[in-house]
Amino acid sequence: MISELALLPQYIVSGITSGSIYALIALGFSLIYNASRIVNFAQGEFVMLGALIAISFSQEQGLPLWAGAIASIGLVTTVGFLLEYGPLRKAKSKNHLILVMLTVGASIFMQGTSMLIWGKDAKTLPPIGGYEPIRILNASIIPQTLFILGVAGTLLLLLSFFFHHTRLGKAIRAIAEYPEGAALIGIPVRNLVMFSFGLSGALGAVAGILVTPLTTMSYQCGLMLGLKGFAAAVLGGFGSFPGAVLGGLTLGLMESLGAGLISSTYKDAIAFVVLLGILFCKPTGIIGEARTHRV
């Protein structure tokens, strides 16, 4: 019988893999929140749409997987643009609670539309590199896992470069710090908010395409993935980009270790126990800071 300690490398690899996906989803939440102060509860549906559209292009339209993935990311980016430009920008009330509820409505609309288009059955994509595992220490890792870690790590580095070394990224950070001041110095706040929704959609689509070979995807999977991404964002510090990454990886590791060492029955519950614990004990998250408002 293999001891639980011997399986620890397997749990850690699984946790980092799922944590990378949660980090991408949490980054989408943080992007939109920083640019608009809105919690976008349709973020999980971006993940679901990215996966299902890629499946349609690659398996029904005959496109190569990479081409289907690029087309899917483009379409979900457009959905993000339209969500901001349509219902959110045209809403008569700019009350944040109303706008958040509009994202809930958009989430339900996307779920229903997806069920009509793709049905209720779960679908999947073939894993990159096949199913033959690679043995590292006591962990069996399929190539798709390494692909997820590589793509997620590269994206996180590119986002870090984008936000710290490009004018566009710095402008979005300026909006996050002080939107009124950013508007006064000529930063096009509206356009950048729409850009943030599009970029958030692209991140969600990438996360969906990456995770589908491991978990399958159906029209209702976006809800759970979105909630876990939200929990990861809160855990790290809502609105903090490094916090989103840290929260995602921490949540993934806690889920994997909890499922392996305690019981897989509680795997999904762990995310919400963590979320409740953070909200009670440290509402600003692990590295989040309490915001002050200028008067």
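Refer to the preceding data block for the structure.
All values reported here derive from a predicted model rather than from experimental measurement.

Engineer: For this particular structure, what's the right way to read the side chain of serine 72?
Structural biologist: With respect to the helices and strands, serine 72 occurs in helix 3 (residues 65-90). Among the residues examined, serine 72 registers a relative accessible area of 0% and is labelled buried. A polar side-chain atom of serine 72 sits 2.6 Å from the main-chain carbonyl oxygen of glycine 50.

Engineer: What is the right way to read the packing of helix 3 against helix 4 (residues 96-118) from this model?
Structural biologist: Where helix 3 meets helix 4, the closest approach of the two axes is 11 Å, and the angle between their N-to-C directions is 130°. As the angle between them shows, helix 3 and helix 4 are arranged oblique. The chirality of how helix 3 crosses helix 4 is right-handed. For the pair formed by helix 3 and helix 4, the contact residues are Val79, Leu83, Pro87 and Leu88 on the first element and Leu99, Leu102, Thr103, Ala106 and Met110 on the second. In the contact of helix 3 with helix 4, the residues fall into eight nonpolar, one polar and no charged.

Engineer: Sorry if this is basic, but what is going on with helix 2 (residues 43-60) here?
Structural biologist: An α-helical turn contains 3.6 residues, so any two residues separated by three or four positions project in the same direction. Under the 1.5 Å per step criterion, the end-to-end length of helix 2 is 25 Å for 18 residues, consistent within 8% with the ideal 26 Å. Of the residues flanking the end of helix 2, it is glycine 62, one or two places downstream, whose phi is positive at about 80°.

Engineer: Would you explain the environment of alanine 207 in this entry?
Structural biologist: Within the secondary structure layout, alanine 207 lies in helix 8 (residues 189-215). Looking at alanine 207, the relative accessible area reads 0%, which means it is buried.

Engineer: Honestly, the environment of glycine 44 in this entry has me stumped. Any pointers?
Structural biologist: With respect to the secondary-structure elements, glycine 44 resides in helix 2. As a C-alpha pair, glycine 44 and glycine 28 span 16 residues in sequence and 9.6 Å in three-dimensional space. Once you skip the residues sitting within four places of it in the chain, glycine 44 turns out to touch Gly222 and Gly226.

Engineer: Explanation requested: the packing of aromatic side chains in the structure shown.
Structural biologist: Two aromatic rings are characterised by how far apart their centres lie and by the angle between their planes. Summed over all chains, the structure comprises eight aromatic pairs. With a centroid separation of 5.0 Å and 75° between ring planes, the pair formed by tyrosine 33 and phenylalanine 238 is classed as edge-to-face. Of this pair, tyrosine 33 sits in helix 1 (residues 8-36) while phenylalanine 238 sits in the loop between helix 9 (221-236) and helix 10 (241-261), placing them 205 residues apart in sequence. When the centroid spacing of 5.5 Å and the interplanar angle of 50° are considered together, the rings of phenylalanine 41 and phenylalanine 230 count as tilted. Taken as a pair, phenylalanine 41 in the loop between helix 1 and helix 2 and phenylalanine 230 in helix 9 lie far apart in primary sequence, 189 residues in all. For phenylalanine 41, a relative accessible area of 30% gives the class partly exposed. Classification of phenylalanine 230 as buried rests on a relative accessible area of 18%. Put simply, the rings of Phe29, Tyr33, Phe41, Phe230 and Phe238 pair up and form one aromatic cluster.

Thresholds applied
- Residues numbered from 1 in each chain as written.
- Predicted model: local features only at pLDDT ≥ 70, side-chain atom pairs only at ≥ 80, totals over all residues.
- Heavy atoms only, no water.
- Helix = DSSP H or I, 4+ residues; strand = E, 2+ residues; numbered from the N terminus.
- Buried < 20%, exposed > 50% of the residue type's maximum accessible area, 1.4 Å probe, protein only.
- Polar contact = N/O pair within 3.5 Å; in protein donor to acceptor, adjacent residues only side chain to side chain.
- Axes fitted to C-alpha atoms, helices over the stretch in contact; angles between N-to-C directions.
- Parallel < 35°, antiparallel > 145°, perpendicular 65-115°, else oblique.
- Left-handed = near helix turned anticlockwise from the far one by under 90°.
- Contact = heavy atoms within 4.5 Å.
- Nonpolar A, V, L, I, M, F, W, Y, C, P; charged D, E, K, R; others polar.
- Expected span 1.5 Å × (residues − 1).
- Phe/Tyr/Trp six-rings, centres within 6.5 Å; stacked < 30°, edge-to-face > 60°.

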